[in-house]
2 protein chains.
Amino acid sequence: MSIDVLQDKIRAMKNPTVAGLDARIEYVPEHIRKAAYAARGVGLEGAVEAIWQFNVGLIDALCDIVPSVKPQTAYYENMGWRGMEMLERTIQYAKSKGLYVIADIKRGDIGSTAAAYSEGWLTGAKIEGQVFKSFDPDCITISGYMGSDSIKPFLDAAISEDKCVFVLVKTSNPGSGELQDIVAGDRQVYEVIGDLNERVAKGTQGKYGYNMAGAVVGATYPSDIRALRKRLEHTFFLVPGYGAQGGTAEDVRYAFDKYGHGAIVNSSRGIMCAWKKTGKDGLDFAQAARDAAIAMREDIKQFVTIV
Amino acid sequence: MSIDVLQDKIRAMKNPTVAGLDARIEYVPEHIRKAAYAARGVGLEGAVEAIWQFNVGLIDALCDIVPSVKPQTAYYENMGWRGMEMLERTIQYAKSKGLYVIADIKRGDIGSTAAAYSEGWLTGAKIEGQVFKSFDPDCITISGYMGSDSIKPFLDAAISEDKCVFVLVKTSNPGSGELQDIVAGDRQVYEVIGDLNERVAKGTQGKYGYNMAGAVVGATYPSDIRALRKRLEHTFFLVPGYGAQGGTAEDVRYAFDKYGHGAIVNSSRGIMCAWKKTGKDGLDFAQAARDAAIAMREDIKQFVTIV
């Protein structure tokens, strides 16, 4: 099962981290940008080419260090359909290198609309009885604000293709509490959605005990992670907020179970932009990203032992 | 201001409705599909071409009846980047026909990620100091589950381009209450987000008294609409759920203020698929859509008088 595939990769590499592929054009070293603009012009096509080359370099440098990459759709959609075309190539390339690809799309909708999103991201579209796939990652993130009928269609589609979903539960941003921390009876809103998600996904456990619907739980609220780890026994956690946003290895350890399983920690800028700290104009961007990914693995290893 | 442009168009046409452009390939009449497949093959390209032709026909038939159209991104993303490319063309074509375009994207994210989405949908991407626009509708829908810092970047971007946003408050689906109706103190969650949205948008009122951040409020919960209309004095409502989902003209009247202002009601399948009820194989799809849009206008006119 897909969630087991992810955990197996994490165990094999002894590394419970995922590298974000969220490049803005400013993150791309000048030598790559110049070459791309020379080939495609200064504009959307040139920027798309530059980020594609950057992504390929990152994937090549990281694929034997991290088990997974997480492209965030915002950083492709900002360049319109050309960016989305490049996202499709990026996902395919990462998969071809053995990486588990989590598309961070945070889509949320109901019934037939959720089914349509699922066609694009999970199952492919049915046209005159034939199926045509588009983005095809291993896993997507979704928003559950609209209720369990906004989770179920995505989860059903995911399961039909042996893929996973991660539902937003407790996000890492400063304002996350405005809605998510509201107390109603004996539960906070993020607990309500966490419970609801575990209920919807009941019976989909893989060999490590985790369901095919995981949860997004921010590193920036360690006491909430700790409580959620106990509460949501069968929910795998995707943990953003490490590094640039302020979450530490000590904070994220609470996301893991006693075997060091059940969670994966994301870093985006800390890895992608590592070259900005070496003083070498980005010619070493791939090595710098690799070094940063290794440093992150070692940092987390101080607190998490994967058996 | 953008929200005034929408209200002005509604007043000019005496029609507070928006037509969804959410076609699945099955909604496209056979003669259009056959021609598209002959030109582009049975597959994503053929389906994209068929839906493009269908959208053009709908836009031509509706542009002097309805003030606005609402493409839902799920029904373009399901065909991958090719669908997104066609969405860009659809938005441009609808705008060229004088329609106010609401892109129903329900994106939700924070900080730099929300800014990146905004580049794609509202402002354009900045590349080496130049701006390159992509989808460029008049307005987008967003999700506020992550808090006010997931609304503010979108709203700021919208205002900079004189565009609007609509934030999900109370959605029309059966499960919407699971999270949105949770009672905390003296407010339900959807009221919390409605209040928060009105607070974030404070000071952006146009000439009709409505802010540049509206709210999505489902027709299927008329008593909630009624209460929200009183509560959120400066919030314009986008009302889904009329027709196929069960909301009636009598239900939606509560979304409007005493001048018949402040709301727009969506219908998607009821207009797009009207041809399926005429028994003419879809050769009359444009006329059928036009007739259905007129019928909807007249239906709502029984209960809402726009001054």
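Residues numbered from 1 in each chain as written. Chains lettered and ligands numbered in written order. Predicted model: local features only at pLDDT ≥ 70, side-chain atom pairs only at ≥ 80, totals over all residues. Heavy atoms only, no water.

## Considerations on the overall build of chain A
Going by this rule: By the criteria applied, helices consist of DSSP H or I runs no shorter than four residues and strands consist of E runs no shorter than two, each listed in order from the N terminus. With the radius of gyration taken over C-alpha atoms, the globule rule is written as 2.2 Å times the number of residues to the power 0.38. Any two residues whose heavy atoms approach within 4.5 Å at even a single point are treated as in contact. The Shrake-Rupley method, run with a 1.4 Å probe sphere, supplies the accessible areas, and residue values consider only the shown protein chains as cover. The convention is simple: Lys and Arg are positive, Asp and Glu are negative, and His and the chain ends are not counted. By convention, the point assigned to a charge is CZ for Arg, NZ for Lys, CD for Glu and CG for Asp.
Along chain A, the regular secondary structure elements total 13 helices and 12 strands. Taken over the C-alpha trace, chain A has a radius of gyration of 19 Å; the compact-globule value for 307 residues is 19 Å, and the two agree within 12%. A fraction of 74% describes how many contacts in chain A between residues 6 or more apart in sequence connect residues 24 or more apart. Within the structure as shown, chain A displays about 10,300 Å² of accessible surface, and the carbon and sulfur contribution to it stands at 50%. Distance from the positive charge centre (36 side chains) to the negative charge centre (38 side chains) of chain A: 3 Å.

## A few points about the interface of chain B and chain A
The extent of an interface is frequently quoted as the accessible surface area lost upon association of the parts. Condition: Two parts lose some accessible area (1.4 Å probe) when they are put together, and adding that loss for both gives the buried area. Here, a salt bridge means any side-chain nitrogen of Lys or Arg that lies within 4 Å of a carboxyl oxygen of Asp or Glu. Distance and chemistry together define a polar contact, namely a pair of N or O atoms within 3.5 Å, with one atom able to donate a hydrogen and the other to accept it when in protein, and with adjacent residues in sequence counting only for side-chain atoms on both sides.
Counting residues at the interface gives 70 residues for chain B, matched by 70 residues for chain A. When chain B packs against chain A, the two sides together hide about 5,600 Å² of surface, and 58% of this comes from carbon and sulfur. Connecting chain B to chain A are 8 salt bridges. As a salt-bridge pair, Glu128(A) and Arg33(B) come within 3.0 Å of each other at their nearest N and O atoms. At the boundary of chain B and chain A, one finds 40 residue pairs in polar contact (both at pLDDT 80 or more). If one sorts the elements of the side of chain B that touches chain A by residue count, helix H6 (residues 111-123) of chain B sits on top with 7 residues.

## Quick word on the sheet that holds strand S2 (residues 68-71) of chain B
Residue and element names in this part refer to chain B. Which entries qualify depends on this criterion: DSSP calls a pair of strands paired once it identifies at least 2 bridges connecting them. To get an axis, fit a line to the C-alpha atoms, keeping to the stretch in contact for a helix; angles then go from 0 to 180 degrees between the N-to-C directions.
The strand order around the closed barrel built from 8 strands is S1-S2-S3-S6-S7-S10-S11-S12, with neighbouring strands paired in parallel fashion. With direction set aside, neighbouring strand axes in the sheet form an average angle of 30°. Of the strand pairs in this sheet, strand S7 (residues 164-170) and strand S10 (residues 213-217) are connected by 5 bridges, and their pairing is parallel. By the bridge assignment for S10, Val 167 is matched with Ala 215. Across the sheet, H6 is in contact with strand S3 (100-107) and strand S6 (139-142); its angle to S3 comes to roughly 165°.

## Quick look at empty space enclosed by the protein
To find the voids left in a structure, one rolls a probe of water-molecule size over its atoms. Residues and elements named next belong to chain B. Threshold: In this analysis a 1.4 Å probe is tested at points of a 1 Å grid over the protein atoms alone, and where it fits but cannot get out there is a cavity; an open set with protein on both sides within 12 Å along at least five of seven lines is a pocket; lining residues have an atom within 4 Å of a point. Grid points are joined across faces, edges and corners, and a volume is the space filled by probe spheres set on the points. When residue character is reported, Ala, Val, Leu, Ile, Met, Phe, Trp, Tyr, Cys and Pro are called nonpolar, Asp, Glu, Lys and Arg charged, and the others, Gly included, polar.
Under the defined criterion, the tally for this structure stands at 4 cavities of 30 Å³ or more. Tallying contributions element by element places strand S4 (residues 125-127) first for the lining of the largest cavity, with 3 residues. Its residues assigned to classes, the lining of the largest cavity comprises 6 nonpolar, 1 polar and 4 charged.

## Notes on helix H2 (residues 30-40) of chain B
Residue and element names in this part refer to chain B. We apply this condition: When accessible area is computed with a 1.4 Å probe and restricted to protein chains, residues below 20% of their type maximum are described as buried, those above 50% as exposed, and intermediate ones as partly exposed. By construction, the arc corresponds to the directions joining the helix axis to the C-beta atoms.
The complete set of buried residues in H2 reads Ile 32, Arg 33, Ala 36 and Tyr 37. Buried residues of H2 fall within an arc of 125° about the axis and therefore sit on the same side. For H2, the exposed residues lying more than 90 degrees away from the buried face are Lys 34, Ala 38 and Ala 39. Immediately beyond the C-terminal end of H2, within one or two residues, lies Gly 41, with a positive phi of roughly 85°.

## A closer look at the relation of the copies chain B and chain A
Worth spelling out the cut-off: Least-squares superposition aligns the copies on the C-alpha atoms of those residues with pLDDT at or above 70 in both.
Superposing chain B onto chain A takes a rotation of 180° plus a shift of 0.0 Å along the axis, which leaves an RMSD of 0.0 Å. What we have between these two chains is a two-fold relation. Using C-alpha coordinates, one finds that chain B approaches the rotation axis most closely at Ala184(B), a distance of 2.3 Å. Most of the interface of chain B is mirrored in chain A, where 100% of its interface residues are also at the interface.

## Focus on the confidence of the model for chain A
The cut-off we apply is this: Per-residue confidence from the prediction method is given by pLDDT, with values spanning 0 to 100.
Per-chain confidence: chain A averages 96 in pLDDT, with 100% of residues scoring 70 or above. The ipTM, which scores confidence in the relative placement of chains, is 0.96 for this predicted complex, and the corresponding pTM is 0.97.

## Comments concerning the side chain of Ser267(A)
Relative to the helices and strands, Ser267(A) resides in strand S12 (residues 263-267). Under the relative-accessibility criterion, Ser267(A) is labelled buried at 5%.

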